Amino acid sequence: MSPWLELCRAARDDVARVLEELPGRAEREPIVGAGEGGDDTTAIDAAAERVILDRFKDEDVRIVSEEVGSFGDGRWTVVVDPIDGSLNAKRGIPFFSISIAVADGRTMDDVVFGYVFDFGTREEWTATRGGGALLNGRALTELPKDELEILSFEATTTSYVAENAASFDGLAHRLRVMGSLAITLCHLAAGRVDGVVSLKNARSVDIAAAQLLVRERGLAIDLPDDPPFGSAPLDLVPRSRVAAAGSPQLCARLGRALPSR
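Residues numbered from 1 in each chain as written. Predicted model: local features only at pLDDT ≥ 70, side-chain atom pairs only at ≥ 80, totals over all residues. Heavy atoms only, no water.

A. Highlighting the packing of aromatic side chains. For the coordinates displayed, the defined rule picks out 4 aromatic pairs. Relative to tryptophan 76, the ring of tryptophan 4 lies with its centre 5.6 Å away and its plane at 70°, an arrangement referred to as edge-to-face. With tryptophan 4 in helix H1 (residues 3-21) and tryptophan 76 in strand S5 (residues 76-84), this pair connects stretches of sequence that are 72 residues apart. The partly exposed category is assigned to tryptophan 76, whose relative accessible area is 24%. A centroid spacing of 5.7 Å and a plane angle of 25° characterise the contact between phenylalanine 96 and phenylalanine 119, whose relative ring orientation is stacked. Of the two residues, phenylalanine 96 sits in the loop between helix H4 (86-91) and strand S6 (97-103) while phenylalanine 119 sits in the loop between strand S7 (111-118) and strand S8 (123-128), which places them 23 residues apart along the sequence. For phenylalanine 96, a relative accessible area of 6% gives the class buried. (Phe/Tyr/Trp six-rings, centres within 6.5 Å; stacked < 30°, edge-to-face > 60°. Helix = DSSP H or I, 4+ residues; strand = E, 2+ residues; numbered from the N terminus. Buried < 20%, exposed > 50% of the residue type's maximum accessible area, 1.4 Å probe, protein only.)

Below is the structure:
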């Protein structure tokens, strides 16, 4: 077992204990501050981040995390989303994850290890740069279809969907809105969906781990508003929406379908 996988599994177990200690909306929903990423910090976000940071505190790392921001100057950059899909987590919808990426530099191209754990299905998604993508320790084999039978929207509000959905009519047959960009990108890597679009600008904490699964499968992912993807910094600045699909051509069509801003 790699030391990164061991650490990520330990962090997963730490967060699982937090979920047990904060079992319902009354415990998870209270706002306790504002995160460096710009969103409100709720009790579940803060508690999950606290135990993950404690898990990595003795490692030679620079941390980039949704609530506390960026700190440290270690050899490795660790990009953390303690609860991706936190609204689902707060409401008890079983589709949310822990997402951790490890990089030997400060851009997406530098990510060497990605870890996403879905607390609903108990599925563990991992990827190693040059070493492939795994689900529960087994290599992924299914690929997305050559057409967009299922397109997943993420980072959605009612207004975002209303403003964007019609642009994909004729390009995608069916839409899914699941609520966790990290898990949805993993589903693309496994061929469960055929395309993914984030309707608002994503941050590195949202995608750094899962994008490695996508790229290790030879699939395409892009930042249509701020290319190229590989040069995107591992920080908390939301620079671009995300498009991903089974081929560069289909990914480009998704990017072009997004309304200009």
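B. Here's a closer look at the sheet that holds S8. The strand order S4-S3-S5-S6-S7-S8-S9-S10 describes an open sheet built from 8 strands, whose pairing is mixed. Of all the strands in the sheet, the pair left with one neighbour each is strand S4 (69-71) and strand S10 (138-139). Inspection of the sheet shows S8 paired to strand S9 (residues 132-135) by 4 bridges, in the antiparallel sense. The residue of S9 that forms the bridge with tryptophan 125 is leucine 135. Lying over the sheet, H1 contacts strand S3 (61-65), S5, S6, S7 and S8, oriented at roughly 30° with respect to S7. (Pairing = 2+ DSSP bridges. Contact = heavy atoms within 4.5 Å. Axes fitted to C-alpha atoms, helices over the stretch in contact; angles between N-to-C directions.)

C. Inspection of unusual backbone geometry at higher detail. In this model, proline 227 is joined to proline 228 through a cis peptide bond whose omega is 0°. As for its placement among the helices and strands, proline 228 is situated in the loop between strand S14 (220-222) and strand S15 (240-245). Here asparagine 136, not a glycine, exhibits a phi torsion of approximately 50°, which is positive. Non-glycine residue alanine 155 carries a positive phi angle of around 55°. Exposure remark for alanine 155: the relative accessible area of 25% places this residue in the partly exposed category.

D. Structural view of the sheet that holds S14. Pairing within the open sheet is mixed, and its 5 strands lie in the order S12-S11-S13-S15-S14. Strands at the two margins of the open sheet, each flanked by one partner only, are strand S12 (172-177) and S14. Within this sheet the neighbouring strands show an average axis-to-axis angle of 20°, counted without direction. As paired strands, strand S11 (residues 148-154) and strand S13 (residues 195-202) are joined by 4 bridges and run parallel to one another. Bridging from a neighbouring strand, phenylalanine 153 pairs with valine 197 of S13. Where helix H6 (residues 181-189) meets the sheet, its contacts fall on S11, S13, S14 and S15, and the angle it forms with S13 comes to roughly 155°. Of the strands in this sheet, S11, S13, S14 and S15 are in contact with helix H8 (residues 248-257), which crosses S15 at around 145°.

E. The arrangement of the nonpolar core in detail. Val116, Trp125, Leu140, Leu185, Ile207 and Leu213 are the most contacted members of the largest nonpolar core, which has 42 residues in total. For this core, the secondary-structure elements that each account for two or more residues are S6, S7, S8, S9, H6, S13, helix H7 (204-216) and S15. Among the elements that line this core, the one with the most residues is H7, at 8 residues. Residues within four places of leucine 140 in sequence aside, it is in contact with Trp125, Ala133, Leu134, Leu135, Ala189, Ala190, Leu213 and Arg217. Counting 31 residues, the second largest nonpolar core, distinct from the first, contains Cys8, Ala11, Ala48 and Val102. (Core = buried A, V, L, I, M, F, W, Y, C linked by side-chain atoms within 4.5 Å.)

F. Region of the structure containing the pattern of salt bridges. One pass over the structure, following the stated rule, counts 15 salt bridges. Put simply, glutamate 124 and arginine 9 hold a salt bridge, and the shortest N to O gap is 2.8 Å. Linking glutamate 124 in strand S8 with arginine 9 in helix H1, this pair joins segments that are 115 residues apart in sequence. Judged by its relative accessible area of 6%, glutamate 124 is buried. Classification of arginine 9 as partly exposed rests on a relative accessible area of 26%. (Salt bridge = Lys/Arg side-chain N within 4 Å of Asp/Glu carboxyl O.)

G. Main features of the state of the cysteines. Scanning the model with the defined rule gives 0 disulfides in all. This cysteine, cysteine 8, is not joined by any disulfide, and cysteine 186 carries the nearest cysteine sulfur, 13 Å off. Taking the relative accessible area as the measure of exposure, cysteine 186 reaches 0% and is therefore buried. (Disulfide = S-S within 2.5 Å.)

H. Region of the structure containing the pairing of S6. Within S6, 7 of the 7 residues are buried, which leaves the element mostly enclosed by the surrounding structure. With burial as the criterion, each face of S6 is covered, one bearing Ser97, Ser99, Ala101 and Ala103 and the other bearing Ile98, Ile100 and Val102. In this structure, S5 lies alongside S6, joined through 6 bridges in antiparallel fashion. Residue aspartate 81 lies in a different strand from S6, and its bridge partner there is serine 99. Note: S6 against S7, 7 bridges, orientation antiparallel.

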